[in-house]
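Read off the chains here:
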Amino acid sequence: MTTTQPPAPAPQAPDRTLRWDGCINVRDVGGLPTQSGGVTRWRALVRADSVRTLTDLGWGSLLGYGVRTIIDLRTPEECEKDPARQVPLEVVRVPIVGRTPDEIRAAREAGKLASSIEAATAVYLDLLEREKASFASATTAFASAEEGTVVVHCAAGKDRTGLLVAMLLAVVGVPPASIVEDYRVSAPNIAAAYQGWIASGETETERELRRALIASPPEAMAGLLEHLDVAHGGAAGYLRAAGVTDEPLALVRTRLATG
């Protein structure tokens, strides 16, 4: 594969949204304040939707940015539908089963549309409970990745990547309000990119379900983090309960934040 590698962005560019041709929702989580007075490092972790959509120019941008590891949260079924390209990077596959139309339909029939904060928080908590081992594996993969930038992605770059990144940020002491705003950054790009998918639903019910799949309010993250504080003493406590040891958690802090 031939790629063009344009100049890398400035390490502390104020705009965290990156321009990788073929992806939406691509951004660096650097520059966020931590409770210890430090900040999250630039070029440590990037959140994205499916990197399979990158053009050659996009791959050049990714490599030029310093990416050396990709953590792919897609399920085997998603990978089968959209096979990954062969790239000169380490790809760690940690399947996480996200929300399904059936789950959204059940929430809708129970009178709890996924667009409500309470319902979205409940869906996220259920996902964290069901996928403990996968979130633990993804955290360890980030901690142990080779030096360089790590990209974490799934098909849409929203719920699964949002939950993993939220916990990593919480581990290094980013305040909940900043984590909520970090999650909110994705909303405009995702909404615009998936309008065609929503419109292609064959019935209004199906279109409503698709709208619900992408409509989780950012405030749901605040409820999620509050629950983790009460139930586990924080995100680190949840990850320990899921099987992550102290060494990977210490590596997360070293890789992701200064101070």
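Scroll up a little and you will see the structure.
First, a word on what this report is: a plain description of the structure on this page. This structure is a prediction, so every number in the text was calculated from the model and none was measured.

A tally of regular secondary structure across the protein gives 13 helices and five strands. Sequence separation of 24 or more characterises 74% of the internal contacts of the protein that already satisfy a separation of 6 or more. For the protein, the computed accessible surface area is about 11500 Å², with 53% contributed by carbon and sulfur atoms.

By secondary structure assignment, the location of Thr140 is in helix α5 (residues 132-144). What makes Thr140 partly exposed here is its relative accessible area of 31%. With 105 residues separating them in the primary sequence, Thr140 and Thr245 have C-alpha atoms 8.8 Å apart.

Turning our attention to the sheet that holds strand β3 (residues 67-72). Read from one edge to the other, the open sheet built from five strands follows the order β1-β2-β5-β3-β4, with strand pairing classed as mixed. Of all strands in the sheet, those bounded by a partner on one side alone are β1 (27-28) and β4 (90-93). Running over the sheet, helix α6 (residues 159-171) touches β2 (45-48) and β5 (149-153) and is turned about 155° from β2.

This part covers the pairing of β5. Most of β5 sits out of view: five of its five residues are buried. Covered by surrounding structure in β5 are Thr149, Val151 and His153 together with Val150 and Val152, the residues of both alternating faces. Bridge count between β2 and β5: four bridges; the pairing is parallel. Paired with Val46 across the strands is Val151, a residue of β5. With five bridges joining them, β3 and β5 adopt parallel strand pairing.

Okay, the packing of α6 against helix α12 (residues 235-242) next. It is at 8 Å that the axes of α6 and α12 come closest, and there the two elements cross at 115°. The angle between the axes of α6 and α12 places the two elements in the roughly perpendicular class. Residue-level contacts link Met167, Ala170 and Val171 of α6 to Ala235, Ala236, Tyr238 and Leu239 of α12. Here the residues of the contact of α6 with α12 sort into seven nonpolar, no polar and no charged.

The next thing to look at is unusual backbone geometry. A positive phi angle is found at Asn25, which is not glycine, with a value near 55°. Secondary-structure assignment places Asn25 in the segment before β1. With relative accessibility at 3%, the residue Asn25 sits in the buried group. Positive phi, close to 65°, is recorded for Arg43, a residue that is not glycine. Within the secondary structure, Arg43 sits in the loop between β1 and β2. Since its relative accessible area comes to 24%, Arg43 is described here as partly exposed.

Rules used throughout
Residues numbered from 1 in each chain as written. Predicted model: local features only at pLDDT ≥ 70, side-chain atom pairs only at ≥ 80, totals over all residues. Heavy atoms only, no water. Helix = DSSP H or I, 4+ residues; strand = E, 2+ residues; numbered from the N terminus. Contact = heavy atoms within 4.5 Å. Areas by Shrake-Rupley, 256 points an atom, 1.4 Å probe, with all protein chains shown as cover. Buried < 20%, exposed > 50% of the residue type's maximum accessible area, 1.4 Å probe, protein only. Pairing = 2+ DSSP bridges. Axes fitted to C-alpha atoms, helices over the stretch in contact; angles between N-to-C directions. Parallel < 35°, antiparallel > 145°, perpendicular 65-115°, else oblique. Nonpolar A, V, L, I, M, F, W, Y, C, P; charged D, E, K, R; others polar.

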